Structure formats: structure tokens, C-alpha cells
Amino acid sequence: MNASINQARKRFLESDQEMQDGLMPIVDAHHHFWDVKNNPHHWLKNQPRIPFRYGDYEAICCDFLPDDYSKAVQKHHVIRHVAMEGEWNPLDPVGEALWMQRLASKSGKPHAMSAQIWLDRNDLNQVLEAYAQEPLFGFVKSVRHKPRVTTRQEFKSNWSEPGSMRCGHWRNGYARLADHQLMFELQCPWWHLDEAIELANDFPSTKIIINHAGLPATRDAETVATWSKAMGRISECQNVFVKISGLGVAGKAWTVEAHKPIVQTLIDQFGVDRCMFASNYPVDALVTNLDSIWSGFKQLSKRLNPTERLAIFCDTAVNVYQLK
């Protein structure tokens, strides 16, 4: 590990218990930076706004840059940042990665990026080559292409459509990731996770990182139980990791009690070595503030011992994203 990361870990582990929350070194494994005024984030700029899982998102249609994160994070000790692609103009996925790398060179943040890609598009080879060359080689650690999905009501176990995880063309593109040592960021509703199990088994050398806890956006007992079974099945694939992030529910308060069953289930299923806390900021500013997210995660991890807490806040992300 990087010397500065090791020093932060050591201070935390050697501190008194009442001091540990303040010294907890955090890797924010999933958040966004965007310059809405100058860059092509059409969903943040254009009217009418698109349908969104948190509802009205007007409040985040503004710049969010490293200084904004630093102001929002308050007392929490975030030592590394992994930026997620932010729905930049899909005609130019490399453009966002190059902008993000320039931002990192200027500000020191982020330290790595999950970049946009389109696995079933004709420009796949050019995009992969761009990510494999300077200045993006070693900076782009993973890629995201949200696969085609359907509603839970319309979903069937044999569901397959062009652009889905069972689409042959899409899978052919996915097969290319291993050659470029790129991980795959999976954002899809939990009822599609059996398709992801097929990917994990068919391409075992590619790590899959499930975004936002598999999107348990409905919290009635039956839905949470079925979500838990789906997450349990995919947790058996050792090349699958999960980000505990994006836990908000539209119209509901972000509270520790609301998210406790989700967080405990994921830790029990995946273990701390395959779980990462992440803020999904500024998107989750629609449901709470950044201080409350990190304070909430600290409360939700109190049952863990210090080494386990360190893993889920820091070490797992450092290892997965190779944050040297």
C-alpha cells in the first residue's frame, strides 16, 4: 500500500476506541465530479429532465468538483477518491475520462476512475485502446455500461433482449475486458442478478462490482427477502464485489435504521473483503447530506472489529482499485 495510506491505517488502529470514528481512513469508492457549465452532461443540462429513481433531481444539476466535495465532507477523513462516470455524452466516452484525468492532475482528485463504455458498439476497440494508453492507462480501473433491463413486473427468468447481459453481441464486448485488465461496474436491479451470475461464471477473470447494493429501492419485507436471496446467490461468485452505496429510497428519509437490514445482509453475505462503502455523491444529496452518509456508515459498522471496519471503509477499495 501507499505510505500515506499505511500511516492513516496505523493511526486508526492504534487510536482509542472513542477516537476511531474521527480517524477512520475512507476511500470513497463511488462518487461523481462534473462541470455542468462546460461539459456535455445532457441529463443535467437539458429540459425536460429524464425520469430518475430519486424523482426530481433539479438540486444536483450544478457543478460538483473537488472543492465542493471537500466542503461537503466536513469532519470525515476521505483519503482516496474513485470517480464514477456521470452520463457524459455517450458519443464521446473517452472525453469524460480525459477531462477527469486532467482534473486529477490539477487538483489531486480523483485517484482512479470508472469510465463509460458501450460493449455492443462499433467503437469498442477504439475506446478500449484509449483506456490502455497514457494518460488513461492505470487511471481508468473499471468501466460501466448499464445493461438493458426491464421492470420487476415484466421480468421473466429467461429474459433476454438486445443490449442485455444475455445478448451475444453485448457478451462479446464484455469478453474483451479481461484482455485490458478492466473491471466491470454493474448497475442493474437485483432481479437481473442471475444474468450477472452467468457473466461471473463464464468470465471468471473479470471482477464485477455491483453498484448501489443491487438497488433495493423498495423496502417491504417480501421485496427485501427476495433481494437478499438474489444477493446471496451472486455472493457465491468470488469475483463479485459490492458497493454499499446509493441506498436512498425516493420520498423516504435516509436513516441508519432504514438501511441497517441492507448493510448487515451484504456484510454477512459478501464479507468485509468484498464490500465497500461509497457515497454516490452528489446524486445522494437528493436524499441526505454527505456528512450524514459517512456518519451513518460509521454507525452501521459498529458491530465490526477495527480491522473489519478498516476493510469496508478503506482496504477493500484500495485493493480492488489498486490505489497505490
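Preceding this paragraph is the structure being described.
Residues numbered from 1 in each chain as written. Predicted model: local features only at pLDDT ≥ 70, side-chain atom pairs only at ≥ 80, totals over all residues. Heavy atoms only, no water.

**Q** What is the right way to look at the pairing of strand E2 (residues 77–84) in this model?
**A** In summary, the side chains of a regular strand alternate between the two faces of the sheet. For E2, the buried fraction is high: seven of the eight residues fall into the buried class. Examined bridge by bridge, strand E1 (residues 25–31) and E2 share five bridges and lie parallel to one another. Bridge pairing links Pro-25 to His-77 in E2. When E2 meets strand E3 (residues 112–116), the two strands line up parallel, connected through three bridges. Pairing of Ala-83 across the sheet is with Met-113, part of E3. (Buried < 20%, exposed > 50% of the residue type's maximum accessible area, 1.4 Å probe, protein only. Helix = DSSP H or I, 4+ residues; strand = E, 2+ residues; numbered from the N terminus. Pairing = 2+ DSSP bridges.)

**Q** Looking at this model, I keep getting lost on the side chain of Thr-150. Mind explaining?
**A** Inspection of the secondary structure puts Thr-150 in the loop between strand E4 (140–144) and helix H7 (168–175). Overall, the relative accessible area of 12% leaves Thr-150 in the buried class. Excluding its chain neighbours within four sequence positions, the residues that come into contact with Thr-150 are Phe-155, Trp-159, Trp-191 and His-192. (Contact = heavy atoms within 4.5 Å.)

**Q** Can you help me understand the pattern of salt bridges in this one?
**A** Pairs can form between side chains of opposite charge whenever their charged atoms are close. For the structure on display, the rule yields 15 salt bridges. Close ionic contact of Arg-144 with Glu-85 constitutes a salt bridge, the shortest N to O distance being 2.9 Å. In this pair, Arg-144 is assigned in strand E4 and Glu-85 in the loop between E2 and helix H5 (93–107), connecting sequence segments 59 residues apart. Each member of the pair, Arg-144 as well as Glu-85, is classed as buried. Here the residues in one salt-bridge network are Asp-21, Lys-302 and Arg-309, joined through shared partners. (Salt bridge = Lys/Arg side-chain N within 4 Å of Asp/Glu carboxyl O.)

**Q** Explanation requested: the packing of aromatic side chains in the structure shown.
**A** For the coordinates displayed, the defined rule picks out 19 aromatic pairs. Between Phe-33 and Phe-64 the ring centres are 6.3 Å apart and the planes differ by 25 degrees, which places this aromatic pair in the stacked class. On the criterion of sequence distance, the pair formed by Phe-33 in the loop between E1 and helix H3 (42–45) and Phe-64 in the loop between H3 and helix H4 (66–73) is long-range, its members being 31 residues apart. Ring geometry for Trp-170 versus Tyr-174: centroids 5.9 Å apart, planes at 15 degrees, classification stacked. Taken together, the positions of Trp-170 and Tyr-174, both in helix H7 and four residues apart, correspond to about one turn of that helix. By relative accessible area, Tyr-174 is classed as buried at 0%. Taken together, the ring pairs in this structure connect Trp-34, Trp-43, Phe-52, Tyr-54 and Tyr-57 into an aromatic cluster. Against the face of Tyr-54 rests Arg-53, its NZ or CZ located 4.4 Å from the ring centre. (Phe/Tyr/Trp six-rings, centres within 6.5 Å; stacked < 30°, edge-to-face > 60°. Lys NZ or Arg CZ within 6 Å of the ring centre and 35° of its normal.)

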